[in-house]
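# Topology and contacts: notes
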Amino acid sequence: MAIQKKPATIIRSGNIKATIWENEGLQRAFYSTTFSRPYKDARGIWKNAHNFGLYELESLMNAALEAKEWLAAHTPKA
């Protein structure tokens, strides 16, 4: 059974979620970001969409900017 890794942090803006993951590289750890839009399906089960409509793009941009700032603050300078 695979061990589920926890995210380094989660940033929310409106109904958009930016999840930042720490990954192991050859030389050092690095971070990557995934974006999602949580929603409940017809049965009330939480799911994540990865497509964004017109009215979600501003929240997506804000989440991306916050994620960029977090990454810059937590990534060692080369």
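Here, every reference points to the structure presented above.
Report on the accompanying structure. Bear in mind that the values here come from a model prediction, so they are computed numbers and not experimental data. (Residues numbered from 1 in each chain as written. Predicted model: local features only at pLDDT ≥ 70, side-chain atom pairs only at ≥ 80, totals over all residues. Heavy atoms only, no water.)

### A look at the packing of aromatic side chains
The criterion, for reference: Planes of paired rings set the category: under 30 degrees apart is stacked, over 60 is edge-to-face and the rest tilted, where pairs are Phe, Tyr or Trp rings (Trp by its six-membered ring) whose centres lie within 6.5 Å. Comment: elements are numbered from the N terminus, with helices defined as DSSP H or I runs of at least four residues and strands as E runs of at least two.
Tallied over the entire structure, the rule returns one aromatic pair. Note on Tyr31 and Trp70: the rings are 5.0 Å apart at their centroids and 90° apart in plane angle, and the pair reads as edge-to-face. Within this pair, whereas Tyr31 is found in strand S3 (residues 29-40), its partner Trp70 is found in helix H1 (residues 57-74), the two being separated by 39 residues in sequence.

### Considering the pattern of salt bridges
Under the convention used in this document: The term salt bridge refers to a pairing of a side-chain nitrogen on Lys or Arg with a carboxyl oxygen on Asp or Glu at a separation within 4 Å. When accessible area is computed with a 1.4 Å probe and restricted to protein chains, residues below 20% of their type maximum are described as buried, those above 50% as exposed, and intermediate ones as partly exposed.
The final tally for this structure, using the stated rule, is three salt bridges. Glu56 is paired through a salt bridge with Arg37; the nearest N and O atoms lie 3.2 Å apart. With Glu56 in the loop between strand S4 (46-49) and H1 and Arg37 in strand S3, the pair connects residues that are 19 residues apart, well separated along the chain. Of the two residues, Glu56 and Arg37, both sit in the buried class. The shortest N-O distance in the salt bridge between Arg43 and Asp41 comes to 3.9 Å. The exposure class of Arg43 is exposed, given its relative accessible area of 67%.

### Notes on the sheet that holds strand S2 (residues 16-24)
Put simply, the rule is: By the convention used here, strands pair only if DSSP detects at least 2 bridges between them. Lines are fitted to the C-alpha atoms to define the axes, a helix being fitted only along its stretch in contact, and any angle between axes, read from their N-to-C directions, falls within 0 to 180 degrees.
In space, the four strands of this open sheet follow the order S1-S2-S3-S4, with antiparallel pairing throughout. At either end of the open sheet lies a strand with only one pairing partner, and these are strand S1 (9-13) and S4. The sheet shows a mean angle of 35° between the axes of neighbouring strands, direction not considered. Direction of pairing for S1 relative to S2: antiparallel, over a ladder of five bridges. What sits directly across from Ile11, in S2, is Ala18.

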